[in-house]
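Architecture at a glance
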Amino acid sequence: MPLRTLAGLLLAMTTSLCLAEVSADAAVLYQQHCASCHGAERTGAMGPVLLPESLSRLKPAQAIEVIKFGRPSTQMPAFGAQLNDAQIQSLVDFIYQAPAVSPQWTLADISASHVQHVDPATLKPTPQFKANLENLFIVVELGDHHATLLDGDTFEAIHRFPTRYALHGGPKYSPDGRFVYFASRDGWISKFDIYNLKTVSEIRVALNTRNLAVSFDGRYAIAANYLPQNLVLLDADTLKPLQIPETGSRVSAVYTAPPRNSFIAAMKDLKEVWEISYQPDIKVRRIPTDDYLDDFFFDQDYTRLIGASRNGEKGQVIDLDTGRKLAELPLGGMPHLGSGISFDYQGKPVLATPHLNQGKVSIIDMQSWQVIKQIETLGPGFFMRSHDASPYAWVDVFFGPNKDAVHVLDKATLTIKETLRPAPGKTAAHVEFTQDGRFALLSIWDDDGAVVVYDSHTLNEIKRIPMRKPSGKYNVYNKTRYQRGTSH
Ligand code: HEC
């Protein structure tokens with residue numbers, strides 16, 4: 001063997017030995033300092049899950065900060081005095097690495113996690129406060145893991161309550177608007193009774209969850225999960241698990257399709273769309289597709305699905321009855337179809353969607369499936385909203401230097417009517433309308449943030465309600481009636 005190869009081999013061996021040592025050390029450090037709160041298998045306990053799937057929104061440099069300095073006014077302690085920089089770095093490498101054996105979360109684990117906080121028999125059947133029940137909002141405050149029930153007539157908070165860590169994918173209402181269901185990143189589903197202002201029950205369905213949907217008849221809730229790779233169908237009344245379709249793919253999202261009495265699920269790793277119907281009984285249908293589709297929009301009667309993949313250049317229109325592809329859409333730049341809206345333009349329904357990595361809004365004719373206009377914006381956007389009673393559609397500029405701007409688009413001309421900067425330097429994002437469409441509520445997405453209420457016609461600011469990093473706002477009427485100006 002030539003000497004150089006031998007030297008290379010030796011070097012490689014020592015490096016890999018060192019790496020193994022580091023990770024062995026890190027595993028020991030982890031068990032010593034972290035496991036009591038984050039779980040021996042990193043699957044969470046009092047503290048959140050520390051697995052790669054869970055940490056996708058936290059940069060390793062931020063993780064170093066968290067471990068060194070802790071998180072003020074939370075239970076996460078500072079380790080800067082006990083651990084040196086190399087040890088902290090090794091812990092960060094460790095938590096961003098998938099464990100050799102993927103952790104399990106079985107039906108037995110799910111069932112055992114069920115918590116009944118309140119005996120349902122003690123709950124009053126009528127609201128314990130006075131308000132227009134159809135114009136209530138739930139506002140999610142990510143900053144300190146709370147939610148606020150907001151009166152949409154007076155813009156006064158009725159109640160503020162703690163949620164699970166890192167809610168994900170938007171809460172969903174029961175059809176009568178009495179209950180609201182939350183999903184958290186770490187797999188907790190919580191059922192909150194708005195009439196009684198109490199969390200009734202909770203269950204942990206997975207180790208990493210994307211979102212949740214509630215059936216049109218209110219009987220079922222279903223969670224889309226990355227870890228394990230499955231869907232978990234629950235009885236919406238008791239939150240007890242009913243079925244667990246294993247998907248063999250991460251499930252990006254699950255949606256309710258009201259007229260179909262079904263749920264539609266998006267697969268990250270399969271060229272398929274899944275439909276889970278629940279009438280007369282529960283049945284899974286797999287629809288093969290030409291490409292990966294992991295983000296959806298539906299037409300108002302849920303016969304057509306408009307899907308795109310996060311890295312493709314084309315969207316697809318699928319007929320859900322026949323399973324056939326009807327059209328392809330030239331849609332590069334990661335359209336965020338899940339937050340797309342529709343409205344009438346020159347007498348015809350159009351779909352409007354922001355893009356996650358290009359500064360534009362695409363307007364698509366929903367009869368010919370042609371892109372009829374691309375409106376240039378100050379940067380990539382995340383959320384888009386309108387209301388049938390409003391002449392305007394709002395789109396944020398979530399990513400990039402103009403994240404503090406929000407565009408108000410004129411639906412009649414497809415042009416930017418006004419650009420607002422409600423809090424210079426702070427992210428302005430996610431608009432939701434009141435029931436009647438007269439007011440638009442916008443989040444200042446910051447720890448020292450607010451919900452800003454605008455008159456949706458004059459665009460004058462009406463009120464500013466301080467909140468801790470408010471993200472989404474969810475109006476009972478607009479959501480339970482599947483209004484086309486809001487996402488479902
Ligand atoms: C006493 C309990 C406790 C201990 C011990 C603990 N943590 Fe935490 N940790 C928490 C809690 C609670 C949070 C969530 C804080 C919040 O609300 O933002 C957290 C958050 C974190 C986060 C941020 C997660 C995210 O999603 O943003 C990281 C990273 C982390 N901890 C790493 C560690 C490491 C590494 C150790 C061991 C060196 C450790 N923690 C020890 C309780 C703990």
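About the thresholds
Residues numbered from 1 in each chain as written. Predicted model: local features only at pLDDT ≥ 70, side-chain atom pairs only at ≥ 80, totals over all residues. Helix = DSSP H or I, 4+ residues; strand = E, 2+ residues; numbered from the N terminus. Pairing = 2+ DSSP bridges. Axes fitted to C-alpha atoms, helices over the stretch in contact; angles between N-to-C directions. Domains from an automatic or database assignment. Buried ≥ 20, exposed ≤ 12 C-beta atoms within 10 Å, placed from the backbone. Parallel < 35°, antiparallel > 145°, perpendicular 65-115°, else oblique. Left-handed = near helix turned anticlockwise from the far one by under 90°. Contact = placed C-beta atoms within 7 Å.

1. Quick word on unusual backbone geometry
Across the junction of Leu227 and Pro228, the peptide omega takes the value -10°, indicating a cis bond. Structurally, Pro228 is set in the loop between β10 (220–227) and β11 (231–235). Residues Gln279 and Pro280 are joined by a peptide bond in cis, for which omega reads 0°. For Pro280, the location among the structural elements is in the loop between β15 (272–277) and β16 (283–288). Positive phi, close to 55°, is recorded for Leu197, a residue that is not glycine. Following the sequence through the fold, Leu197 ends up in the loop between β7 (188–193) and β8 (198–204).

2. Section: the sheet that holds strand β13 (residues 251–257)
If you trace the four strands from one edge of the open sheet to the other, you get β13-β14-β15-β16, paired in antiparallel fashion. The open sheet has two edge strands, β13 and β16, and neither has a second partner. Strand-to-strand twist of the sheet, defined as the mean angle between neighbouring strand axes without regard to direction, takes the value 20°. As judged from the five bridges shared by strand β14 (residues 262–267) and β15, these two strands associate in the antiparallel manner. In the strand pairing of β15, Ala266 is matched with Val273.

3. Digging into the domain arrangement of the protein chain
Parsing the protein chain into structural domains produces domain 1 (13–95) and domain 2 (333–488). Once you take the C-alpha centre of each, domain 1 and domain 2 turn out to be 38 Å apart.

4. Focus: the pairing of strand β33 (residues 470–475)
Here β33 lies mainly inside the structure; five of its six residues are buried. Here four bridges tie strand β2 (residues 136–141) to β33, and the two strands are oriented antiparallel to one another. The partner of Val139 across the bridge, within β33, is Lys473.

5. Here we look at the sheet that holds strand β4 (residues 157–162)
If you walk across this open sheet you meet the four strands as β4-β3-β2-β33, and the pairing is antiparallel. A strand with exactly one partner marks an edge of an open sheet, and here the two such strands are β4 and β33. Going across the sheet, the axis of each strand differs from the next one's by a mean of 20°, ignoring polarity.

6. Topic: the packing of helix α3 (residues 60–69) against helix α4 (residues 85–95)
Between α3 and α4, the shortest axis-to-axis distance is 10 Å and the interhelical angle comes to 125°. The orientation of α3 with respect to α4, classified from their angle, is oblique. The handedness of the crossing between α3 and α4 comes out as right-handed. Together, Pro60, Ala63, Ile64, Ile67 and Lys68 of α3 and Ile88, Gln89, Leu91, Val92 and Ile95 of α4 make up the contact between the two elements.

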